[in-house]
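Listed here are the chains, written in short residue letters.
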Amino acid sequence: MGLTIALNRGRILSEVLPMMQQAGIEPSEDPESSRKLIFESRTGGHRLVVMRGSDVPTYVEYGAADVGVTGKDTIMEYGGGAHFYEQLDLGIGRCRLMTAAPADSALAQGRDVRGPLRVATKFVNVARRYFEAEGRQVTLIPLSGAMEIAPLMNLADCIVDIVDTGNTLKANGLVALETIADISSRVIVNRASMRTRFGEVQSLLSVLRDAAGNDEGGWRG
Ligand code: PRP
């Protein structure tokens, strides 16, 4: 059997699928329109599995998938590269992980907020590490989406969220404050698969590296 590759469903899938195709991995049906979640490749015996980005690291860490593609934000939230090898930056899905607050708030206007900062986010681990490093006391408020609402409803002083065009912030009267990290889609590899399926993994990485137009990488054990 070939490799099992976990892909983040959603907006980057349409950019990742042509890269997979260059590697000879062409799903039997179109994952963007099908309700199926597991797709056999027409050649090579590979499988593509389409799932939530935040689940990709879990599948790769435990070896249910050999390879995964997901955002750096998700990898950071999962706890970084100790659980798998992060091998390649595909250069797609570029955005930034930022703090943001209402434009008319004390925080956005550079005034002090008394007591611990109330931070609403789905990136609680990233936010905890970031504010700890800043020496700032925070109360983390976990949410699963639409974080922009939280400061407007006085649930939080600020949010930590992905900013791409900035349109969502603007439409809700928020402004971006600090950049926590530059984000793009990364290829991660299960640690055992890197040894036991070295040839297949390397040939996939090599095609993806060319498709991404960068020569960074190579195996870093
Ligand atoms: C992300 C993010 C913002 C929005 C930012 O959500 O949480 O809401 O995109 O993009 P913009 O700066 O171009 O407006 P996404 O649409 O990915 O949905 P999600 O909440 O499910 O992550």
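Model, not experiment: these values are computed from the prediction.

Draft legend 1. Quick look at the overall build of the chain. The helix and strand inventory of the chain stands at eight helices and eleven strands. A total of 221 residues make up the chain; the buried ones form 46% of that total. Within the chain, contacts between residues at least 6 apart in sequence are counted, and of these 67% link residues at least 24 apart. Accessible area for the chain stands at about 11100 Å²; split by element, carbon and sulfur atoms hold 47% of it.

Draft legend 2. A look at the pattern of salt bridges. The final tally for this structure, using the stated rule, is nine salt bridges. Between R186 and D89 there is a salt bridge, with the nearest N and O atoms lying 3.7 Å from each other. Of the two residues, R186 is situated in strand β11 (residues 185–189) and D89 in strand β5 (residues 85–89); the sequence distance between them amounts to 97 residues. D89 shares its class with R186; the two are buried. Of the charged contacts, one joins R197 and E200 as a salt bridge, the two residues approaching to 3.3 Å between their closest N and O atoms. Taking the relative accessible area as the measure of exposure, E200 reaches 30% and is therefore partly exposed. Connected through shared salt-bridge partners, K72, E86, D89 and R186 make up one network.

Draft legend 3. Molecular detail of the site of the ligand. Taken together, R11, K122, E148, D161, I162, V163, D164, T165, G166, N167 and T168 make up the full set of residues near the ligand. The side chain of E148 places a nitrogen or oxygen atom 2.9 Å from an oxygen atom of the ligand. For the ligand, an oxygen atom lies 2.7 Å from a polar atom in the backbone of G166. Protein coverage of the free-state accessible area of the ligand, which is 500 Å², stands at 66%. Among the secondary structure elements, those contributing two or more residues to the shell around the ligand are β9 (158–163) and α6 (167–171). Element by element, the count of residues in the shell around the ligand is highest for β9, at three residues. Looking at side-chain class alone, the shell around the ligand contains two nonpolar, four polar and five charged residues.

Quick notes on the rules
Each chain carries its own residue numbering, running from 1 in the direction its sequence is written. Local features in a predicted model are, by the rule used here, given only for residues with pLDDT of at least 70; side-chain atom pairs are given and counted only at 80 or more, and totals for whole chains, interfaces and linings are based on all residues. Side-chain calculation: all heavy atoms of the structure are included, whereas hydrogens and water are not. Starting at the N terminus, helices and strands are each numbered in turn, a helix being any DSSP run of H or I of at least four residues and a strand any DSSP run of E of at least two. Buried, partly exposed and exposed residues are distinguished by accessible area as a fraction of the type maximum, computed with a 1.4 Å probe on protein chains only: under 20%, between the cut-offs, and over 50%, respectively. Between two residues, a contact is recorded if the distance between any of their heavy atoms is within 4.5 Å. Every accessible area reported is derived by Shrake-Rupley at a probe size of 1.4 Å, with residue values counting cover from the shown protein chains alone. Throughout this description, the term salt bridge denotes a Lys or Arg side-chain nitrogen within 4 Å of a carboxyl oxygen of Asp or Glu. Consider each residue's heavy atoms; a residue with any of them within 4 Å of a molecule or strand counts as near. Contacts described as polar in this section are N or O atom pairs within 3.5 Å, which, within protein, must combine one atom able to donate a hydrogen with one able to accept it, while residues neighboring in sequence count only if both atoms come from side chains. When residues are grouped by polarity, Ala, Val, Leu, Ile, Met, Phe, Trp, Tyr, Cys and Pro land in nonpolar, Asp, Glu, Lys and Arg in charged, and all others, Gly among them, in polar.

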